[in-house]
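# Remarks on the overall topology
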Amino acid sequence: MDRRSVIKNAGIAGILAAGAAPAVHAQATVRWRLSSSFPKALDTIHGAADVFAKAVKNMTGGKFEISVHAAGEITPPFGVVDAVQQGSIEIAHTAPYYFFGKNDVFALGCSIPFGLNSRQMTAWMYEGNGLKLMREFYAKYNIISFPGGNTGSQMGGWYRKEIKSVADMKGLKFRVGGFAGKVIERMGGVPQNIPGGEIYTALEKGTIDAAEWVGPYDDQKLGFNKVAPFYYYPGWWEGGPQLDFFINQKAFEALPAEYKAIVEAAAATAHTDMQAKYDARNPAALKELVAKGTKLRPFTNDVMALAFKESMALYEELNDKNPDWKKIYADFSKFRAEQNLWFRFTEAKFDTFMQAQKL
Ligand code: CA
């Protein structure tokens, strides 16, 4: 019964006689702990968890508070799925592809090489079958997922030496986010899965030859330009990687209905906010990096062509051996084909024209 019908049925006099306004909502006090996989210094990617927690707090009048903990504070950056699954924390903010070692399907909820761009990924999630299919999969880990940001297309990373052809990929010790390492490996490289906060030291010491993180704004903050001169593009393994809020299913189910709706709305706010931050902040950072001596280089055609070929071969192999992958990738790849057919007539043509103009 909503407020209006309470008033209609009881009458104002009746309510006043009862001595109280009608109780409309259960205002439960809830406290959750959120573990991020990212360092606090990154106001973009770590910031999405802050945006989410603040929105939840504001929408509940301070009744539902989520404390946000940076990578390593309460959970190791790559330990968050285990922690949510076991219920030792209620919620995590992470890049699902870090967990491809559990099952390669985690990558489909985040990014695979030559996958979807940011717009397309959001469309697959909210309007296609993406969210439904990924939630069915994450349920095996006691997780319910909410899209929680996208970086947009990323850069291809920082290299101590130039990559002039595929031959230079051989033996390259490359920090690359999660699942993409499988393709790097097939190209002859040696992928390293290192959390964001630990990349700089590894690159500085030379224990790795190259590293990618996100794009100019984050990368400059992490200082990679100081230890590697060549900055490659595009990040073909991350055309539009999505971050997620992973919530323990029992913790979510225990929430009042209003709080469930608030969690969903707050996550959607964070999802939009992160992409806006990256798009707004990357251009100035790229100019600053180039002014400080960073050398921009496109990946050569042979590198791109081999990467594409190896990616598609990998997906075929996964189709053969992983039924979950086969089911979800079939939907993902159909959606990808339709999106590219549409975008070629619209964004691709418009963007290319605009980028060639003197503005
Ligand atoms: Ca990346």
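Description of the structure in this document. Values in this document were obtained by computation on a predicted structure and should not be read as measured data.

Moving on: the sheet that holds strand β3 (residues 91-94). Pairing within the open sheet is mixed, and its five strands lie in the order β2-β1-β3-β10-β4. The sheet is open, and its two edges are formed by β2 (64-69) and β4 (143-150), each paired on a single side. Here the strands of the sheet are splayed against their neighbours by 25° on average, with no regard to which way each runs. In this sheet, β3 lies alongside strand β1 (residues 30-36) in parallel orientation, the contact comprising three bridges. Within the sheet, the bridge partner assigned to S36 lies in β3 and is H93. Packed onto the sheet, helix α5 (residues 118-126) meets β4 and β10 (242-248) and runs at close to 155° relative to β4.

Looking now at the layout of surface pockets. Of the voids in this model, the largest pocket is the one considered here, and its volume is about 1100 Å³. Taken together, 34 residues make up the lining of the largest pocket; nearest its centre are N117, G152, S153, G239 and D351. Among the elements of the structure, α5, α11 (257-291), α13 (323-343) and α14 (347-355) are those that each provide at least two residues to the lining of the largest pocket. Residue classes in the lining of the largest pocket are distributed as 14 nonpolar, 16 polar and four charged.

To continue, consider empty space enclosed by the protein. Under the definition given, this model contains one cavity of 30 Å³ or more. Approximately 90 Å³ is the volume found for the largest cavity. Surrounding the largest cavity, 15 residues form its lining, I45, Y97, Y98, Q154 and E238 being those nearest its centre.

All right, on to the sheet that holds strand β6 (residues 173-175) then. Pairing is mixed in the open sheet, where six strands are placed in the order β7-β6-β8-β5-β9-β11. Among the strands making up the open sheet, the edge pair consists of β7 (190-192) and β11 (295-298). With two bridges connecting them, β6 and strand β8 (residues 210-211) associate as parallel partners. Paired with R175 across the bridge in β8 is A211.

About the cut-offs
- Residues numbered from 1 in each chain as written.
- Predicted model: local features only at pLDDT ≥ 70, side-chain atom pairs only at ≥ 80, totals over all residues.
- Heavy atoms only, no water.
- Pairing = 2+ DSSP bridges.
- Helix = DSSP H or I, 4+ residues; strand = E, 2+ residues; numbered from the N terminus.
- Axes fitted to C-alpha atoms, helices over the stretch in contact; angles between N-to-C directions.
- Contact = heavy atoms within 4.5 Å.
- 1 Å grid on protein atoms, 1.4 Å probe; cavity = no way out; pocket = protein on both sides within 12 Å on 5 of 7 lines; lining within 4 Å.
- Points joined across faces, edges and corners; volume = space filled by probe spheres on them.
- Nonpolar A, V, L, I, M, F, W, Y, C, P; charged D, E, K, R; others polar.

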